[in-house]
Every structure is written in structure tokens, then in C-alpha cells.
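Take a look at the letters that make up each chain.
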Amino acid sequence: MIATFADALFMPWVVAVLLGTGAFLTIRLGFIQFRRLGDVWRSAVSRHQRPGAPGILTPFQAFATALGASVGTGNIAGVATAIITGGPGVLFWIWVYGVVAAAIKFAEAVLGVTFRERAGETFRTGPMYYLRDGLGSPALAWVYALVAGVAALTTTPFT
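These remarks concern the structure in this document. (Residues numbered from 1 in each chain as written. Predicted model: local features only at pLDDT ≥ 70, side-chain atom pairs only at ≥ 80, totals over all residues. Heavy atoms only, no water.)

### Some remarks on the packing of aromatic side chains
For the record, the criterion: Aromatic pairs are defined between Phe, Tyr and Trp rings, using the six-membered ring for Trp, whenever the two ring centres lie within 6.5 Å; interplanar angles under 30 degrees are classed as stacked, those over 60 as edge-to-face, and all others as tilted. Buried residues are those whose accessible area, probed at 1.4 Å on protein chains only, stays under 20% of the maximum for their type, while exposed residues exceed 50% and partly exposed ones sit between those limits. Two conditions define a charge located above a ring, namely a distance within 6 Å from the ring centre to NZ of Lys or CZ of Arg, and an angle within 35 degrees of the ring normal.
Enumeration over the complete set of coordinates arrives at one aromatic pair. Plain terms: the ring middles of phenylalanine 92 and tryptophan 93 are 4.9 Å apart, the flat faces sit at 80° to each other, and that makes the pair edge-to-face. Taking relative accessible area as the criterion, tryptophan 93 reaches 54% and is therefore assigned exposed. Its guanidinium or amino end placed over the ring of phenylalanine 123, arginine 116 lies 4.3 Å from that ring's centre, counting from NZ or CZ.

### Some details on the pattern of salt bridges
Once the charged atoms of two side chains with opposite charge are near each other, the side chains can pair. Applicable threshold: A pairing counts as a salt bridge when a side-chain nitrogen of Lys or Arg comes within 4 Å of a carboxyl oxygen of Asp or Glu.
A complete count under the given rule lists four salt bridges for this structure. Glutamate 117 is the partner of arginine 124 in a salt bridge, and the nearest nitrogen-oxygen pair spans 3.7 Å. With relative accessibility at 43%, the residue arginine 124 sits in the partly exposed group. Using a relative accessible area of 26% as the deciding quantity, one classes glutamate 117 as partly exposed. Salt bridges sharing partners connect three or more residues here, namely Glu117, Arg124, Arg132 and Asp133.

So this is what it looks like as C-alpha cells:
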């Protein structure tokens, strides 16, 4: 009963918002995920970094860290759950969303770099900062930080 209610309430809206936003950003950014794929690959495997430089990640280390933050236990369990409940055809839609989600991830990264703040030797960045400084909504930034903190403490252990 709860699953039926949740599906009716959230599923059409969540799918429409996620796919719609991804499609909009893909078109608005000129298919950035395809157009700049060569640059991404060259940057990820670049050797133009001094080995052993203090506090500096190589481009590949930054890529691996970002990938590790994006692909977690929930994604792995989510794909298995989707295949069990929806069949193997679900993989097609996961791939479609993955392609348009690359534009969303690019936009998030640009916002994160644009609205970061320096704190001594480190930078503070993320959705809380671009919601606060870019959108001008400290209350929404605070709510996002609270929800993200609760999710971080619960989703992985629950999964």
C-alpha cells in the first residue's frame, strides 16, 4: 500500500523532472557530454602534474574521487532492484538517463566551482554554497544540508 501510494505520488513527477532537466541541459549546453568527451579523457589521463606535490590531486585522482562519490552502494543496489522489478528493459532507460544526467553533473560541477569559497588552504563548495550564494536562499541551503546529512547517515547503512 505504501509503495503504491509513493509510486503514484512521486514516480511520474520525479521521472519528468529528472529526464526533463537532463534533456534541457543537454540541448542548452550544446550536447556537452558528447562534444567535450575527448577533452575529458585527455584531462583524466594527463601527466602534466608534478608527482608528490603537496595537497594536489592528479587529474585521474580527481576523476576517480568524483566517480566514487557518484557511484555508490545505492546505485549498485538500485540497478539490481530495477532489473528485478522492471525486467532487463530497464537497463535501456538507465542508460538513457545516464547520458542526459552527464549534462546535469556538468552543470553541478560548474556551479560548484563558480560558487566556492576559500577557507585557508582548502575550498568549501557544493549545493549548499550555490543555493546560498547563487540562488540567494540561505534557508534552502540549510534545508538541503540537513536533508543531505540525514541521507548520508541513513541511506548507505539501510542499503
